[in-house]
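The chain contents come next:
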Amino acid sequence: MNKEVDVLIVGSGFGGLGLGAKLKQNNHPSFVIIERANDVGGAWRDNTYPGVECDVPSHLYSFSWKMNPNWSKTFAPGDEILNYMRDCAKDENLLENIDFNTEMLTSTWNSKDKLWHIETTQGLYIARYLVTAAGHLADEHLPNIEGLKDFKGDCFHSARWNNDADLTNKRVAIVGSGASAIQIVPEISKIAKEVVVFQRSAAYVVPRPDSIYTEQQKRLFKRMPSEMNKLRQDIFWAGEYNFIQRRNVPKFVNEAKKTALDHLESQVEDPDIREKLTPDYEIGCKRLLISNHYFPTFNQPHVCLEASALHKVEGNTLFGKSGVRYEDIDTIILATGFEATQPPFAKRVFNDQGHSLDAQWDKGMQAYDAITVHNFPNLFVINGPNTGLGHNSVVYIIEAQVDYIMEALEHIKIENKTVFEAKKSSEEQFVTRLQQMSEGTVWLAGGCKSWYVDQRSGNLTLVWPDFAYSFRDNNGTFHREGYDLS
């Protein structure tokens, strides 16, 4: 039996829950969230590796309408964030609107009935408005490495942690040195017999200013939410200060680089290892990492840094691109990131001409106001093109996008219309302005290869190239003039 709704949301991470909660609070009569897994939480449900924590302080990495006085520490562990999201779904009565174990297979705009037809693993849904809220971290990136498929031991991605794999006294190889790897390596080194880290490029790592919240502080937050809000504001503006460095302003670049390199100098004893851990590009070009435990791991004799990418695998022997071989490896952990610049969901969304969103984005993702796409009527994309941040909380961005959608739906209702579509000229002008804003930033001029930049076009397609507050100023309000309504 077909299921008909007004709004269909794909995904129950922060984006899906954020929009669902607002629709619920506004008594929207008809919406559903479809979720391919059996629980809410998105990336925080999927990433269960040892040591998983957020890199943004939790009093900011949470909804403004549901502040939490009980965060255990500055940077909450993954399971604590997941429980927070579960509470959001429960407290907002969203569970009755979520269809779990329901994966979007294809979504096609039908110009005859002016509705989206969404084929899922649980049957057909028909909706007037389609909202993708898959986010940037929904689908893991698996590298194409010679011989990897024939590896004889356990091999899994960090986002699909194999809890049946016992790493105690094993020889473990970790591929990658990004945000997940720097959390995994210190934890695995505690139990493994030997750890080899394949580092394609070194990362800048700065101190992690983490601290435990006392019970007294939690009681204060509970009794005086204004104190939580003040802390939230302080964290937000401290993050905004860091954006100046991304603009490639020498004073701030040098300040940030000194902090990172001093951190490395103070934590790694061997000068040869320090040299290998020193990046050869500008700070901020890639994601700036925070950790107090990653660098010291390499002072241990059983932890080895291979300063090159994993080149090939023969049986249980791994070869770095440098030619160095590592024998008798028991387990490979792929901390190799996500399909962020070419999101897999885009291959499943089609307009009435049968063209996929992925095909339209063949030179990179783009969207008007970072949320709607010409040729794809009645489609919103939450946490899609140019919505990532390298310096602040993405939940702040998501809330701005939710407000945009709520305003759009209200406008369409008031005008007694049923279909909206971003004008081609509006989208092109928006993207041109983004490219102008991106020029000279550390992401494009920093001399690195990163997931922020689409390698097909060389354009910055993943992150918003300005302060976070300017995202809300520019994209938190529905711009009626940019659309055709019918």
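Not measured: the values here are computed from a predicted model.

Visitor: Teacher, can you tell me more about the overall build of the chain here?
Guide: Broken down by element type, the chain carries 14 helices and 20 strands. A compact globule built from 486 residues would reach a C-alpha radius of gyration of about 23 Å, and the chain, at 23 Å, matches this within 12%. Expressed as lengths along the three principal axes of its C-alpha atoms, the size of the chain is roughly 70 × 55 × 45 Å. Buried residues in the chain amount to 55% of all 486 residues. Here the chain carries 51 positive and 64 negative side-chain charges, and the mean point of each set is 1 Å from the other.

Visitor: Explain the packing of helix α5 (residues 215-223) against helix α6 (residues 225-246) here, please?
Guide: Each pair of packed helices gets described by two things: the angle between the helix axes and the distance between those axes. At a closest axis distance of 4 Å, the pairing of α5 and α6 adopts a crossing angle of 105°. As far as their axial angle goes, α6 and α5 are roughly perpendicular. Every residue of α6 that contacts α5 at Leu220, Phe221, Lys222 and Arg223 is listed here: Pro225, Glu227, Met228 and Leu231. Residue composition of the contact of α5 with α6, grouped by class: 5 nonpolar, no polar and 3 charged.

Visitor: Could you clarify how one ought to interpret the domain arrangement of the chain in this entry?
Guide: Many descriptions give the size of an interface as the accessible area lost when the pieces come together. Segmenting the chain into domains produces domain 1 (3-139 + 339-485) and domain 2 (148-209 + 231-334). Computed over C-alpha atoms, the centres of domain 1 and domain 2 are 29 Å apart. Listed per partner, the contact involves 44 residues of domain 1 and 35 residues of domain 2. Each partner contributes to the roughly 3400 Å² buried at the junction of domain 1 and domain 2, and carbon and sulfur atoms together form 56% of this total. Along the contact surface separating domain 1 from domain 2 lie 5 salt bridges. For Glu53, the salt bridge identified is with Arg208, shortest N-O distance 3.1 Å. Counting only elements with at least two residues in the side of domain 1 that touches domain 2, the list comes to α11 (394-414), α13 (442-445) and α14 (468-475). A total of 3 residues in the side of domain 1 that touches domain 2 trace back to one element, the largest contributor, which is α13. Its residues placed into classes, the side of domain 1 that touches domain 2 shows 21 nonpolar, 15 polar and 8 charged.

Visitor: What's the story with the pairing of strand β8 (residues 171-175) in this structure? I'm lost.
Guide: On a regular strand, one side chain projects to one face of the sheet and the next to the other, so that they alternate. Across the 5 residues that make up β8, a large majority, 5, are buried. Neither face of β8 is exposed, since Arg171, Ala173 and Val175 on one face and Val172 and Ile174 on the opposite face are all buried. With helix α4 (residues 181-188) bridging β8 and its parallel neighbour strand β9 (residues 194-198), the resulting β-α-β unit is right-handed.

Visitor: Hey, could you run me through the packing of aromatic side chains in this one?
Guide: How two aromatic rings sit relative to each other is given by the distance of their centres and the angle of their planes. For the coordinates displayed, the defined rule picks out 30 aromatic pairs. Ring geometry for Trp71 versus Tyr84: centroids 5.2 Å apart, planes at 40°, classification tilted. Within this pair, whereas Trp71 is found in the loop between α2 (43-46) and α3 (78-91), its partner Tyr84 is found in helix α3, the two being separated by 13 residues in sequence. On the basis of relative accessibility, which here comes to 4%, the residue Tyr84 falls in the buried class. Feature note: the residues Phe236, Trp237, Phe243, Tyr396, Trp443, Trp451, Tyr452, Phe467 and Tyr469 constitute an aromatic cluster, connected by ring pairs. Looking at Lys251, its charged tip hangs above the ring of Phe252, at a distance of 4.6 Å from the centre. The positively charged end of Arg472 is found above the aromatic ring belonging to Tyr396, 5.9 Å away from the centroid.

Rules behind the numbers
Residues numbered from 1 in each chain as written. Predicted model: local features only at pLDDT ≥ 70, side-chain atom pairs only at ≥ 80, totals over all residues. Heavy atoms only, no water. Helix = DSSP H or I, 4+ residues; strand = E, 2+ residues; numbered from the N terminus. Rg over C-alpha atoms; globule rule 2.2 N^0.38 Å. Buried < 20%, exposed > 50% of the residue type's maximum accessible area, 1.4 Å probe, protein only. Lys, Arg positive; Asp, Glu negative; His and termini not counted. Charge placed at Lys NZ, Arg CZ, Asp CG, Glu CD. Axes fitted to C-alpha atoms, helices over the stretch in contact; angles between N-to-C directions. Parallel < 35°, antiparallel > 145°, perpendicular 65-115°, else oblique. Contact = heavy atoms within 4.5 Å. Nonpolar A, V, L, I, M, F, W, Y, C, P; charged D, E, K, R; others polar. Domains from an automatic or database assignment. Buried area = accessible area lost by both parts, 1.4 Å probe. Salt bridge = Lys/Arg side-chain N within 4 Å of Asp/Glu carboxyl O. Right-handed = clockwise from strand over helix to strand, strands pointing away. Phe/Tyr/Trp six-rings, centres within 6.5 Å; stacked < 30°, edge-to-face > 60°. Lys NZ or Arg CZ within 6 Å of the ring centre and 35° of its normal.

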